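An overview of the molecular structure
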Amino acid sequence: MEIIVSAPGKLMLMGEHAVVYGYPSIVTAIDQRLKLRARVLEKKVFELYAPDVEIINYSKSILAVGKCEVPKGAKFVELALVNFLNKYPVKEGVRIETVSAFKAMFGFGSSSAIVACTIKALCVLFGVKLSNKELFNLAYQTVLDVQGVGSGFDIAAAIYGGTLYYVYPGKIIRPINTKALGIVVGYSGVKADTAIIVKRVAEESKSFPIVYKSIYAEIGQLIPLARKALVSGKVKEIGQLMNINQGYLESLGVGTSKLSQMIYACREAGAWGAKISGAGGGDCMFSVCSDKDRLNVEQAIKKAGGEVIKVGIGAEGVRLEND
Ligand code: PMV
């Protein structure tokens, strides 16, 4: 039996950085999906084919997974397999192939999507029934094993889909019933390294811990207000709260002049709000605006040197494609 599973990427709407310190955040799954194909092998081997991360014809004994040097491109899939096998040992082997991937450079969470897909695929292949929370726990453990830091919001988006109110480390994962929201995403052209930025902010906070704590708390205060505004479709309020959130992100030192130029360009083109999405230091920003202003906002991003990326929000979580 060969199966195909897919999982969505994510966009952090509000609450980044503060979420690492226990404050709530809002994340949405986007309609860019990562797909992989998987099948059981009679021989006890693990095979991986993921050309997008330069893994071609990778093969090892199932007994050796997670051991020896694991190439960078294979880490997320292989450690997901290790975590799965630790709980649910199997007699056979498995082959996993990436069918399509979205560009890792945008920061849409390709690693989380691949981990979510891998664990979902293993569950389907070996007849293990897990709730979303159990899937989340295995996937989040994998991400921590590979990169050591991360609040897990991206894993939640990949598994649950939709738009979520998320509290680290998966303490609360609740859907938000958003009214339609027009967003425009702009890529800054710079690939950011989330783990490095999170560590840098943590390091810098040591000089003025009280100040940083109160910034996180202020960001945290915005989230219930933004959730309410999302549910009632109060788009102008959402925009205003995003702008306030952006101010706090600037105060954490994670902005860049390019991101700021794009953000101001959107606001000047009529957007209700614009902010960084994610760790900062590069990757993407997004804005919310009316349909009538969309074209102007898109042009403003381009004029500021950014790339407009079309994404829809609130996409479905990890799923089997060939039932
Ligand atoms: O850069 P992204 O999109 O992976 O988002 C990072 C968000 C942080 O809050 C800074 C870190 C985290 O794991 O929540």
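Keep in mind that this is a model prediction, so the values were computed, not measured.

Parameters at a glance
- Residues numbered from 1 in each chain as written.
- Predicted model: local features only at pLDDT ≥ 70, side-chain atom pairs only at ≥ 80, totals over all residues.
- Heavy atoms only, no water.
- Salt bridge = Lys/Arg side-chain N within 4 Å of Asp/Glu carboxyl O.
- Near = heavy atom within 4 Å.
- Polar contact = N/O pair within 3.5 Å; in protein donor to acceptor, adjacent residues only side chain to side chain.
- Areas by Shrake-Rupley, 256 points an atom, 1.4 Å probe, with all protein chains shown as cover.
- 1 Å grid on protein atoms, 1.4 Å probe; cavity = no way out; pocket = protein on both sides within 12 Å on 5 of 7 lines; lining within 4 Å.
- Points joined across faces, edges and corners; volume = space filled by probe spheres on them.
- Helix = DSSP H or I, 4+ residues; strand = E, 2+ residues; numbered from the N terminus.
- Nonpolar A, V, L, I, M, F, W, Y, C, P; charged D, E, K, R; others polar.
- Pairing = 2+ DSSP bridges.
- Axes fitted to C-alpha atoms, helices over the stretch in contact; angles between N-to-C directions.
- Contact = heavy atoms within 4.5 Å.
- Buried < 20%, exposed > 50% of the residue type's maximum accessible area, 1.4 Å probe, protein only.
- Phe/Tyr/Trp six-rings, centres within 6.5 Å; stacked < 30°, edge-to-face > 60°.
- Lys NZ or Arg CZ within 6 Å of the ring centre and 35° of its normal.
- Core = buried A, V, L, I, M, F, W, Y, C linked by side-chain atoms within 4.5 Å.

Considering all chains together, one arrives at 15 salt bridges under this definition. Residue glutamate 203 is joined to lysine 206 by a salt bridge in which the shortest nitrogen-to-oxygen separation is 3.1 Å. By sharing partners, the salt bridges in this structure join Glu2, Arg37, Arg39, Glu47, Arg95 and Glu97 into a single network.

The next subject is the site of the ligand. Near the ligand, the surroundings consist of 13 residues, among which Lys10, His17, Ser151, Thr194 and Ala279 are the closest. One of the side-chain N or O atoms of threonine 194 is found 2.8 Å from an oxygen atom in the ligand. Contact between the ligand and alanine 279: an oxygen atom at 2.9 Å from a main-chain N or O atom of the residue. For the ligand, the protein covers 93% of the area, taking 380 Å² as the surface of the free molecule.

Attention now moves to the layout of surface pockets. Its boundaries defined by the atoms lining it, the largest pocket holds a volume of some 1300 Å³. What lines the largest pocket is a set of 49 residues, among which Phe76, Ser110, Ser111, Gln147 and Lys191 lie closest to the centre. Those elements that place two or more of their residues in the lining of the largest pocket are β1 (2-14), β3 (45-50), α1 (75-87), α2 (110-125), α3 (132-147), α4 (153-160) and α5 (194-205). Each residue belonging to the lining of the largest pocket can be placed in one class, and the counts come to 25 nonpolar, 14 polar and 10 charged.

Our next topic: the sheet that holds strand β8 (residues 183-187). Strand order across the open sheet formed by four strands is β9-β10-β8-β11, with antiparallel pairing between neighbours. Lying at the two open borders of the sheet, with one neighbouring strand each, are β9 (273-277) and β11 (307-309). Recorded for the sheet is a direction-independent mean angle of 30 degrees between the axes of neighbouring strands. Here β8 pairs with β11 via three bridges, running antiparallel. Each residue of the ladder has a partner; that of valine 185, found in β11, is isoleucine 309. Packing of helix α7 (residues 235-251) onto the sheet brings it into contact with β9 and β10 (284-288), and relative to β9 it is tilted by some 45 degrees.

Here we come to empty space enclosed by the protein. All told, the structure shown has one cavity of 30 Å³ or more when counted by the stated rule. In this structure, the largest cavity occupies an estimated 60 Å³ of space. Lining the largest cavity are Leu13, Met14, Ile26, Leu181, Ala226, Leu230, Ile238, Met242, Phe286 and Val288. If you list the elements that add at least two residues to the lining of the largest cavity, you get β1, α6 (209-232), α7 and β10. For the lining of the largest cavity, a count of residues per class yields 10 nonpolar, no polar and no charged.

What follows deals with unusual backbone geometry. Look at the link from tyrosine 168 to proline 169: it is a cis peptide, with omega at -10 degrees. Of note, proline 169 is situated in the loop between β6 (163-167) and β7 (172-175). Despite not being glycine, cysteine 68 shows a phi value in the positive range, around 55 degrees. Structurally, the position occupied by cysteine 68 is in the loop between β4 (55-61) and α1. In this structure cysteine 68 comes out as exposed when scored by relative accessible area, which is 68%.

Quick look at the packing of aromatic side chains now. According to the stated counting rule, one finds eight aromatic pairs in the structure shown. Consider the rings of tyrosine 21 and tyrosine 216, whose centres lie 4.4 Å apart with planes at 15 degrees: the pair is stacked. On the criterion of sequence distance, the pair formed by tyrosine 21 in the loop between β1 and β2 (25-41) and tyrosine 216 in helix α6 is long-range, its members being 195 residues apart. Tyrosine 21 gets classed as partly exposed once you look at its relative accessible area, which sits at 37%. Here a set of aromatic residues connected by ring pairs shows up, and it is made of Phe84, Tyr88 and Phe126. Directly above the ring of tyrosine 165 sits arginine 227, whose terminal nitrogen or CZ lies 3.9 Å from the centroid. In this arrangement the basic side chain of arginine 267 is found over the ring face of tyrosine 264, its NZ or CZ atom lying 5.1 Å from the centre.

Further remarks concern the pairing of β9. The buried fraction of β9 amounts to five of the five residues, a majority that puts the element mostly inside the structure. Where β9 meets β10, five bridges bridge the pair, whose relative direction is antiparallel. Within the sheet, the bridge partner assigned to isoleucine 276 lies in β10 and is methionine 285. Here β9 hands over to β10 after six residues, with glycine 278 in that stretch at a positive phi of 100 degrees.

In this structure, Phe46, Leu48, Phe84, Phe108, Val115 and Val185 are the most contacted members of the largest nonpolar core, which totals 87 residues. Looking at this core, the element that brings in the most residues is α2, giving 10 residues. Not counting chain neighbours up to four residues away, the residues in contact with phenylalanine 46 comprise Tyr58, Ser59, Lys60, Ile62, Val65, Val77, Glu78, Leu81 and Val94. Counting 29 residues, the second largest nonpolar core, distinct from the first, contains Val184, Val254, Leu259 and Ile263.

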